[in-house]
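An overview of the molecular structure
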Amino acid sequence: MFLPNVLAASSLVSVQPGLIFWTLVTFVIVFFVLKAKAWGPILQLVEEREKQISAAIESAKRERAEAEKLLADQKTAISEARRQAAEETRRNQQEMEKFREELMAKSRKEAEELKLSARREIDEQKTKAIAEVRAMAVDLAMDVAGKLIGERMDDSKHRALAEQFVKGLPLSGSGNAGVRRSA
């Protein structure tokens, strides 16, 4: 039972001035040694870490700002591309409409030219037919006139009489021209 006596003799609550003195001296020595050897490097490491964190935060802010700028640029580029596409589409539609109108105008012009050409051809054919009918009428009139008069007229008198008769014929051919008979 030696242990309970030792414990009873050294009381933790008792004040011992020598122990306090040497504890304070040890604390001050350890404090200055730590301050000289440990606190400097520890504080330097903490400051470096703080600078690295600050630099990382600033870098992240710059990168975020750059990313936002790039995003805004991309949005602008996309909207510009859409606007250009819409403009191209509108321009193509206008060109197609213009081409269609030009094609329609050209077709109308060609149709009108064909129509005029056909009318000219018809008029030419009509004129030729009228001339042929008149020539036939002159020949017929000469034969009829020769038979009606009963005498043989010379060719020039015959021709003059026939032309006078033909001039008296209507152009449309709808009227009946009567032949006068002499009694």
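As a convention, each chain's residues are numbered from 1 in the sequence order in which they are written. Per-residue local features of the predicted model are confined to residues with pLDDT of at least 70, and side-chain atom pairs are confined, for both listing and counting, to 80 or more; whole-chain, interface and lining totals are unaffected and use all residues. Computation of side-chain values: all heavy atoms of the structure, hydrogens and water removed.

1. Some details on the overall build of the protein
Of regular secondary structure, the protein possesses three helices and zero strands. The numbering of helices and of strands both runs from the N terminus, where a helix is a DSSP run of H or I of at least 4 residues and a strand a run of E of at least 2. When the helices and strands of the protein are listed from N to C terminus, the series reads α-α-α. Under the scheme applied here, a residue whose accessible area is under 20% of the maximum for its type counts as buried, over 50% as exposed, and between as partly exposed, the area being computed with a 1.4 Å probe on protein chains only. For the protein, with 183 residues in total, the buried portion stands at 5%.

2. Observations concerning a nonpolar patch on the surface
Like charges within 9 Å and nonpolar side chains (Val, Leu, Ile, Met, Phe, Trp, Tyr) within 5 Å are joined into patches, using only residues over 30% in relative accessible area that form no salt bridge. Only the protein chains shown count as cover for residues, with accessible areas throughout obtained via the Shrake-Rupley method and a probe of 1.4 Å. We define a salt bridge as a contact between a side-chain nitrogen of Lys or Arg and a carboxyl oxygen of Asp or Glu at a distance within 4 Å. A contiguous nonpolar surface patch, about 940 Å² in accessible area, is contributed by Phe27, Val28, Val30, Phe31, Phe32, Leu34, Trp39, Ile42, Leu43 and Val46. Secondary-structure assignment places Phe31 in helix 2 (residues 17-149).

3. Remarks on the nonpolar core
Side chains of a nonpolar character, in soluble globular proteins, are inclined to be buried together. We call a set of buried residues a nonpolar core when its members are Ala, Val, Leu, Ile, Met, Phe, Trp, Tyr or Cys and they connect through side-chain atoms within 4.5 Å of each other. Formed by Ala137, Val138, Ala141, Met142, Ala162 and Val166, the largest nonpolar core amounts to six residues. Contributions of two or more residues to this core are made by helix 2 and helix 3 (155-167). With four residues, the single largest contributor to this core is helix 2.

4. A short note on the UniProt feature "transmembrane region" (unreviewed entry) in the protein
UniProt positions are given in the numbering used here, feature names are shortened, and annotations may be inferred rather than shown by experiment. Taking the numbering used here, the UniProt-annotated feature "transmembrane region" (unreviewed entry) corresponds to residues 12-34. In the segment residues 12-34, helix accounts for 78% and strand for 0%; the C-alpha atoms at its two ends are 28 Å apart.

5. Some words on the packing of aromatic side chains
Only the six-membered ring of Trp is used, alongside the rings of Phe and Tyr, when aromatic pairs are assigned; centres must lie within 6.5 Å, and planes under 30 degrees apart are stacked while those over 60 apart are edge-to-face, with the rest tilted. Tallying each qualifying case throughout the model produces three aromatic pairs. Aromatic pair Phe21 and Trp22: ring centres 5.1 Å apart, planes at 75°, arrangement edge-to-face. The exposure class assigned to Trp22 is exposed, which follows from its relative accessible area of 54%. Ring geometry for Phe27 against Phe31: centres 6.5 Å apart, planes inclined by 25°, an arrangement best described as stacked. Of this pair, Phe27 and Phe31 both sit in helix 2, four residues apart, which is roughly one turn of the helix. Counting every residue linked through ring pairs, the aromatic cluster contains Phe27, Phe31 and Phe32.

6. What about the pattern of salt bridges?
One pass over the structure, following the stated rule, counts six salt bridges. Among the ionic contacts, a cluster of salt bridges with common partners joins Glu87, Glu88, Arg90 and Arg91.

7. So, the confidence of the model for the protein
Predicted confidence across the protein gives a mean pLDDT of 83, with 83% of residues reaching 70 or more. pLDDT measures the predictor's confidence residue by residue and takes values from 0 up to 100. Averaged over each element, pLDDT in the protein is lowest for helix 1 (residues 2-9) (52) and highest for helix 2 (91). Only heavy atoms enter the contact rule, under which two residues are in contact if any of them lie within 4.5 Å. The low-confidence segment residues 174-183, where pLDDT is below 50, has eight contacts with residues more than four positions distant or belonging to other chains.

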